[in-house]
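So the chains spell out like this:
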Amino acid sequence: LRFVPTGGIGPAELAEYARHPAVAAVGGSWIAPRTLLGAGRFSEITRLAAAAVSLVAAARQTGGAPA
């Protein structure tokens, strides 16, 4: 069984979720907040998404479920 946790997850919690073997993906509105979308600041959204990808890659590289 795999999960996609969402809600209340930010960059600080992302790695812990991503390391867990039952987690397929993690959702987070912090990647594309309404303020950035409304302002058309897509380069900032791209930067936040790239940062999230880097956090997940680093977390999964270290492996193992969180303690």
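Keep in mind it's a predicted model, so treat the numbers as computed, not measured.

A.B. asks: Lay out the overall build of the chain in plain terms, naming residues and giving numbers.
C.D. replies: When you go through the chain residue by residue, the secondary structure sums to three helices and zero strands. Its helices and strands taken in sequence order, the chain reads α-α-α from the N to the C terminus. For the chain, the C-alpha atoms occupy an extent of roughly 40 × 20 × 15 Å along the three principal directions. Counting the 67 residues in the chain, one finds 21% classified as buried. For the chain, contacts bridging at least 24 residues in sequence account for 34% of all contacts bridging at least 6. Here the chain displays about 4500 Å² of accessible surface, and carbon together with sulfur accounts for 61% of that area.

A.B. asks: Outline the environment of G7, supporting the account with residue identities and numerical values.
C.D. replies: Looking at the secondary structure, you find G7 in the segment before helix 1 (11-19). Each C-alpha atom of the pair G7 and V26 lies 9.3 Å from the other, and the pair is 19 residues apart in sequence.

About the cut-offs
Residues numbered from 1 in each chain as written. Predicted model: local features only at pLDDT ≥ 70, side-chain atom pairs only at ≥ 80, totals over all residues. Heavy atoms only, no water. Helix = DSSP H or I, 4+ residues; strand = E, 2+ residues; numbered from the N terminus. Buried < 20%, exposed > 50% of the residue type's maximum accessible area, 1.4 Å probe, protein only. Contact = heavy atoms within 4.5 Å. Areas by Shrake-Rupley, 256 points an atom, 1.4 Å probe, with all protein chains shown as cover.

Geometric values such as these leave the question of function open.
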